[in-house]
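Chain residues, written in single-letter form:
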Amino acid sequence: MASGSGVRSASGEMVRTSAAQREELRLSLSVLTCHMLAPSGKTAPPVKRDLLRHRDYKVDLESKLGKTIVITKTTPQAEMGGYYCNVCDCVVKDSINFLDHINGKKHQRNLGMSMRVERSSLDQVKKRFEVNKKKLEEKQKEYDFEERMKELREEEEKAKAYKKEKQKERKRRAEEDVDFEEDEEMAAVMGFSGFGSSKKSH
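Model, not experiment: these values are computed from the prediction. (Residues numbered from 1 in each chain as written. Predicted model: local features only at pLDDT ≥ 70, side-chain atom pairs only at ≥ 80, totals over all residues. Heavy atoms only, no water.)

Participant: Help me get a handle on the layout of surface pockets, residues and values and all.
Facilitator: To find leftover empty space, a probe the size of one water molecule is rolled over the atoms. If you add up the space inside the largest pocket, you get close to 340 Å³. Lining the largest pocket are 19 residues, with Val59, Asp60, Tyr84, Cys85 and Phe98 positioned closest to its centre. Listing elements by their share of the lining of the largest pocket, those giving two or more residues are strand S4 (83-85) and helix H2 (95-102). In terms of residue class, the lining of the largest pocket is built from eleven nonpolar, four polar and four charged. (1 Å grid on protein atoms, 1.4 Å probe; cavity = no way out; pocket = protein on both sides within 12 Å on 5 of 7 lines; lining within 4 Å. Points joined across faces, edges and corners; volume = space filled by probe spheres on them. Helix = DSSP H or I, 4+ residues; strand = E, 2+ residues; numbered from the N terminus. Nonpolar A, V, L, I, M, F, W, Y, C, P; charged D, E, K, R; others polar.)

Shown next as structure tokens:
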């Protein structure tokens, strides 16, 4: 029997357990170790977790997009289909669930963070406003008047070229219409009534 599917009893033989029983056993062992490590009569102090922080990396959701992978029985879990979380050692099948997982409570706890956010003070908010105001001013300074005038001139030249092209096209059409009228007059002078069919109507 595999070592992962059971536990040893007091007599030393392997006893088959279910997943729920294994989880319950793991929890009871963790409670026992906490009581053993704590001084007698006192429980161990709760673990102090950091406050929630921004991610300092970009989540890669598109590197495997549109690619095919051959998965065999010996393929490691990290290389199987889906998104692998190396913090929690689990595979999530799609990007939405992966984002839910990395923003979730279990993942954040494994990173050593609680789900509480640091409360901002008035000074921090004022500093943030100042930083954003400076960014806006820098953007306005980058706005160059001469460059904008150059763009406007180019747009006007394009509009003029378009108008000229339209006028040339109108002139060509008008000349074609005049040529067609002259051909009809010439046909009438020569005795042709038109270039229609040769069938006579009965």
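Participant: Requested: an account of the state of the cysteines, with residues and values cited.
Facilitator: Counted according to the given criterion, the structure contains zero disulfides. Cysteine cysteine 85 remains unbridged, with the sulfur of cysteine 88 as its closest cysteine sulfur at 3.9 Å. Given a relative accessible area of 2%, cysteine 85 falls into the buried group. Distance from the sulfur of cysteine 90, which forms no disulfide, to the nearest cysteine sulfur (cysteine 85) is 4.9 Å. (Disulfide = S-S within 2.5 Å. Buried < 20%, exposed > 50% of the residue type's maximum accessible area, 1.4 Å probe, protein only.)

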